[in-house]
Amino acid sequence: MNPQIENLYHISQKPERLIIGLMSGTSLDGLDVALCKFTSSGAQTKVELIQFDTITYNETFKNEIREVFAKNQVSLPHLCRLNPWIAQTHARIINELLVKWNINKDQIDAIASHGQTVMHSPRRLHKLDNFPNSTLQIGDGDHLAVDTGIITISDFRQKHCAMGGEGAPLALYGDYLLFSSTEENRVLINIGGIANFTFLPSNNDFEAVFATDTGPGNTIIDAFVQKHFGIPFDKDAEIASKGSLNKMLLNRLSKEEYFEEKVPKTTGPELFNLDYLKRAIGKEKISIEDILHTLCHFTANTLCNEILKSVPLSFQNNMGVYLSGGGMHNPLICKLIESQLQGSIIHKMDVLGISGDAKEAVLFAAIANETLAGSKGFNSPKSSTSSFFMGKISFPN
């Protein structure tokens, strides 16, 4: 037997596995690195977050990715070079963190790498019937495995597309494994560049579980702040809080057919970007502060409208709402969500034992754990996209 295959078999049989989850979002804030200890798999999955760090990207790294991110025309040689370069950068970060954490790489069973999204193009966006749903994440798994010496599972979203899904959001699977509850119906909100949520009914019926993108999270807000102030984001909504709601702008922003489509659905900065905002503003003269304030309303409104529209009314009376992602640190967005989801108790994910900042990295580690040790997958006779394991496996040598 190939010794690497044999090693993989032994890892799958272990009572506990240490897996490093990596998440690098469209906001390009940095690399989230979560060291997780998993016990068992499937419905019996238990996770403990051992270590977590976010390593901020420097401007050089961000600018290299911006050259190819969500653009119709890019330099193909540059895209080709970025694929291994991103992986090498991530590998260096992992190696440095293992030293910082005083952990030997031989103690780590696997790395779960989301990679860096450079294009998300579901059929609902490209509208070409002869082409399938598609998405592209770069940061090659083989380079990660070789440069760290650790088995790497990567490129998770391709299997979802291959089985008929749109490649996102994948939070549903990890959320279902780790955060289902028999005591309350739960809505797990993540506000990254794009906002999404997972609905988990208290009856744990996987047929009723769903996850969906709802529209922009921080993507337009951050891009607007970067353009006008040269800073990465509006900390604590300090600038937005100085403005007022412009109802005309909010109405124009909200007139997009995406918001009328049924869940589950996905989207990205390919649609919701500064050009989208520019078209909505038109020839109107609106202050920068009012635009930012209105964008916060836009994020909260589209998120809450989708929750109230798509979560069955009978489940909304006993509903716990949990926030994660960078948007949970925006007090204006959080206040707007709380005012629109009246009757629901709003928490940060931290109360469930996992940092809201670490959640996405932990979720991809959970999906990798299921790929390594799961026995049944996500069985669902009604859904072609729920009975499979995700990710490609790369060996160190």
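Computed from a predicted model, the values in this text were never measured in an experiment.

The buried count for strand β1 (residues 16–24) comes to 8 of 9 residues, which makes it a mostly enclosed element. Hairpin geometry of β1 and strand β2 (residues 30–39) is characterised by an intervening segment of 5 residues between the two adjacent antiparallel strands and by a positive phi of about 60 degrees at Leu28. Of the strand pairs in this sheet, β1 and strand β4 (residues 110–121) are connected by 5 bridges, and their pairing is parallel. Bridge pairing links Leu22 to Ser113 in β4.

Moving on to the packing of aromatic side chains. Under the criterion given, the structure shown has 14 aromatic pairs. One aromatic cluster is present, built from ring pairs that chain together Tyr258, Phe259, Phe272, Tyr276 and Phe298. Residue placement shows Lys265 over the ring face of Tyr258; its charged tip is 4.6 Å from the ring centre.

Two numbers describe how helix α11 (residues 288–310) lies on helix α12 (residues 331–340): the axes approach to 9 Å, and their chain directions differ by 35 degrees. For the element pair α11 and α12, the recorded crossing hand is right-handed. For the pair α11 and α12, the contacting residues are His293, Cys296, His297, Thr299, Ala300, Asn301, Leu303, Cys304, Asn305 and Leu308 in the first and Leu332, Ile333, Leu336, Ile337 and Gln340 in the second. Here the residues of the contact of α11 with α12 are counted per class, giving 9 nonpolar, 6 polar and no charged.

Moving on, we get to α12. Those residues of α12 not exposed but buried are Leu332, Ile333, Cys334, Leu336 and Ile337. With a side-chain oxygen positioned 3.0 Å from the backbone nitrogen of Leu332, the residue opening α12 is Asn330.

Of all residues in the chain, 97% attain a pLDDT of 70 or more, and the chain-wide mean is 93. When the criterion is pLDDT under 50, residues 379–386 qualifies, and its contacts beyond four places in sequence or with other chains add up to 18 contacts.

Turning our attention to the layout of surface pockets. Regions of empty space are outlined by a rolling probe, equal in size to a water molecule, passed over the atoms. In this structure, the second largest pocket occupies an estimated 540 Å³ of space. Lining the second largest pocket we find 18 residues, and of these Phe69, Thr219, Ala223, Gln226 and Pro269 sit closest to its centre. It is helix α8 (residues 219–229) that provides the largest number of residues to the lining of the second largest pocket, a total of 4 residues. Looking at the lining of the second largest pocket residue by residue, the classes come out as 6 nonpolar, 7 polar and 5 charged.

This part is about the state of the cysteines. Disulfides are covalent bonds that link the sulfur atoms of two cysteine residues. Taken as a whole and judged by the stated rule, the model has 0 disulfides. Among the cysteines around Cys296, which has no disulfide bond, Cys334 carries the closest sulfur, lying 10 Å off. Assessed through its relative accessible area of 1%, Cys296 is described here as buried.

With that settled, the discussion passes to helix α3 (residues 76–101). In a regular helix each residue adds 1.5 Å, so 26 residues correspond to 38 Å; α3 covers 38 Å between its end C-alpha atoms and thus fits that length. Its maximal kink placed at Leu82, α3 deviates by approximately 30 degrees, while the proline Pro84 follows within four residues. Immediately beyond the C-terminal end of α3, within one or two residues, lies Asn102, with a positive phi of roughly 60 degrees.

Here Leu341 lies in the loop between α12 and β11 (345–348). In this structure Leu341 comes out as buried when scored by relative accessible area, which is 1%. Between the alpha carbons of Leu341 and Asp32 there is a distance of 29 Å; along the sequence they are 309 residues apart.

Further remarks concern the packing of helix α2 (residues 59–66) against α3. It is the contact of α2 with α3, at a shortest axis distance of 10 Å, that shows an interaxial angle of 145 degrees. Here α2 runs over α3; the crossing is left-handed. Judged by residue contacts, Phe61, Glu64 and Ile65 of α2 engage His78, Leu82, Trp85, Ile86, Thr89 and His90 from α3. Here the residues of the contact of α2 with α3 sort into 5 nonpolar, 3 polar and 1 charged.

The next subject is the side chain of Asp32. Position of Asp32 relative to the elements: it lies in strand β2. Only 2.7 Å separates the side chain of Asp32 from the side chain of Thr54, close enough to count as a polar contact. Ignoring any residue separated from it by four or fewer positions in sequence, one finds Asp32 in contact with Gly21, Leu22, Met23, Phe52, Asp53, Thr54, Asp357 and Ala361.

When strand β10 (residues 319–324) meets β11, the two strands line up parallel, connected through 4 bridges. Its bridge partner being in β11, Leu323 is matched across the sheet by Lys348. Handedness of the β10-α12-β11 crossover: right-handed.

What counts as what
- Residues numbered from 1 in each chain as written.
- Predicted model: local features only at pLDDT ≥ 70, side-chain atom pairs only at ≥ 80, totals over all residues.
- Heavy atoms only, no water.
- Buried < 20%, exposed > 50% of the residue type's maximum accessible area, 1.4 Å probe, protein only.
- Helix = DSSP H or I, 4+ residues; strand = E, 2+ residues; numbered from the N terminus.
- Pairing = 2+ DSSP bridges.
- Phe/Tyr/Trp six-rings, centres within 6.5 Å; stacked < 30°, edge-to-face > 60°.
- Lys NZ or Arg CZ within 6 Å of the ring centre and 35° of its normal.
- Axes fitted to C-alpha atoms, helices over the stretch in contact; angles between N-to-C directions.
- Left-handed = near helix turned anticlockwise from the far one by under 90°.
- Contact = heavy atoms within 4.5 Å.
- Nonpolar A, V, L, I, M, F, W, Y, C, P; charged D, E, K, R; others polar.
- Polar contact = N/O pair within 3.5 Å; in protein donor to acceptor, adjacent residues only side chain to side chain.
- pLDDT = per-residue confidence, 0-100.
- 1 Å grid on protein atoms, 1.4 Å probe; cavity = no way out; pocket = protein on both sides within 12 Å on 5 of 7 lines; lining within 4 Å.
- Points joined across faces, edges and corners; volume = space filled by probe spheres on them.
- Disulfide = S-S within 2.5 Å.
- Expected span 1.5 Å × (residues − 1).
- Bend = angle between axes of the 7 residues up to and from the residue.
- Right-handed = clockwise from strand over helix to strand, strands pointing away.

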